[in-house]
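Below, each chain spelled out in residue letters.
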Amino acid sequence: MTDEELECWQRALALYDSLTGPDWAHIPKFRALVCAISGAREARGLTAVTSHESLLVSPYDRYPDWFEGRRVALYPLADGRVRVVSYGEGSARGEALTLPVGDALEEVLRRLARL
């Protein structure tokens, strides 16, 4: 992983560290998922971008490509689940799946491998 790639994942993890309190009780498990993703082979060469609590993973390294190109978005839900959405090139509609955060790693890595 390059220094730039490592830095984007570290920024994402730092954001999740900053989200504390009763409204963010679901974030520690989501952060653990993001940490596991960041160290995975499938995440190499990909950029992590946060938008508030959501995470977008893209093969592109700049805006607007993050939001217009191929990407996988993860949305942590307050009930302990995560919504995983894969988008194709130029697609506004994605392939979505919602599952418990503890069960999401394998599915996310499978989707990242297709980027």
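Residues numbered from 1 in each chain as written. Predicted model: local features only at pLDDT ≥ 70, side-chain atom pairs only at ≥ 80, totals over all residues. Heavy atoms only, no water.

Trainee: Explain the overall build of the protein here, please?
Mentor: Tallying secondary structure elements over the protein gives 4 helices and 5 strands in all. Since a compact globule built from 115 residues should have a radius of gyration of about 13 Å, the 13 Å found for the protein is in line with a globular shape. Taking all 115 residues of the protein together, 42% fall into the buried category. Here the analysis covers contacts within the protein between residues at least 6 apart in sequence; of these, 39% occur between residues at least 24 apart. (Helix = DSSP H or I, 4+ residues; strand = E, 2+ residues; numbered from the N terminus. Rg over C-alpha atoms; globule rule 2.2 N^0.38 Å. Buried < 20%, exposed > 50% of the residue type's maximum accessible area, 1.4 Å probe, protein only. Contact = heavy atoms within 4.5 Å.)

Trainee: Would you mind going over helix H1 (residues 3-18) with me for this structure?
Mentor: Residues separated by three or four positions in an α-helix point in the same direction, a consequence of the helix having 3.6 residues per turn. With 16 residues, H1 should reach 22 Å at 1.5 Å per residue; the first-to-last C-alpha distance of 22 Å fits that figure. Looking at the buried residues of H1, the elements they touch are helix H2 (27-38), strand E1 (47-51) and strand E2 (54-58). (Expected span 1.5 Å × (residues − 1).)

Trainee: Looking at this structure, I do not really get unusual backbone geometry. What am I missing?
Mentor: With a phi angle near 60°, His52 is a residue other than glycine that sits in the positive phi range. Mapped onto the elements, His52 comes out in the loop between E1 and E2.

Trainee: What am I meant to see in the sheet that holds E2 here?
Mentor: By way of backbone hydrogen bonds, the strands of a sheet pair with one another, either parallel or antiparallel. Pairing within the open sheet is antiparallel, and its 5 strands lie in the order E1-E2-E3-E4-E5. Edge strands, defined here as strands with exactly one partner in the open sheet, are E1 and strand E5 (95-100). Each adjacent strand pair in this sheet contributes to an overall mean axis angle of 20°, direction not counted. The pairing of strand E3 (residues 71-76) with strand E4 (residues 81-87) spans 6 bridges and is antiparallel. When the bridges of E4 are listed, Leu74 appears paired with Val84. Taken strand by strand, H2 contacts E2, E3 and E4, and its axis lies near 155° from that of E3. (Pairing = 2+ DSSP bridges. Axes fitted to C-alpha atoms, helices over the stretch in contact; angles between N-to-C directions.)

Trainee: Explanation requested: the packing of aromatic side chains in the structure shown.
Mentor: Between two aromatic rings, the relevant description is the distance of the centres plus the angle of the planes. Throughout the structure, instances matching the rule amount to 1 aromatic pair. Judged by centre distance (5.2 Å) and plane angle (90°), the rings of Tyr16 and Phe30 are edge-to-face. Within this pair, whereas Tyr16 is found in helix H1, its partner Phe30 is found in helix H2, the two being separated by 14 residues in sequence. A relative accessible area of 1% places Phe30 in the buried class. A cation over an aromatic ring shows up here: Arg71 above the ring of Tyr87, its NZ or CZ 4.0 Å from the ring centre. (Phe/Tyr/Trp six-rings, centres within 6.5 Å; stacked < 30°, edge-to-face > 60°. Lys NZ or Arg CZ within 6 Å of the ring centre and 35° of its normal.)

Trainee: Can you help me understand the state of the cysteines in this one?
Mentor: Note on terminology: a disulfide is the covalent bond linking the sulfur atoms of two cysteines. Applying the stated criterion across every chain, the model contains 0 disulfides. Here Cys8 stays free of any disulfide, with the sulfur of Cys35 as its closest cysteine sulfur at 13 Å. (Disulfide = S-S within 2.5 Å.)

Trainee: Help me understand the pattern of salt bridges in this model?
Mentor: Taken as a whole and assessed by the stated rule, the structure comprises 9 salt bridges. In this structure, Arg110 engages Glu106 in a salt bridge whose closest nitrogen and oxygen atoms are separated by 3.5 Å. Of this pair, Arg110 and Glu106 both sit in helix H4 (residues 105-113), separated by 4 residues, roughly a single helical turn. Counted as one network, the salt bridges with shared partners bring together Glu95, Glu106, Glu107, Arg110 and Arg111. (Salt bridge = Lys/Arg side-chain N within 4 Å of Asp/Glu carboxyl O.)

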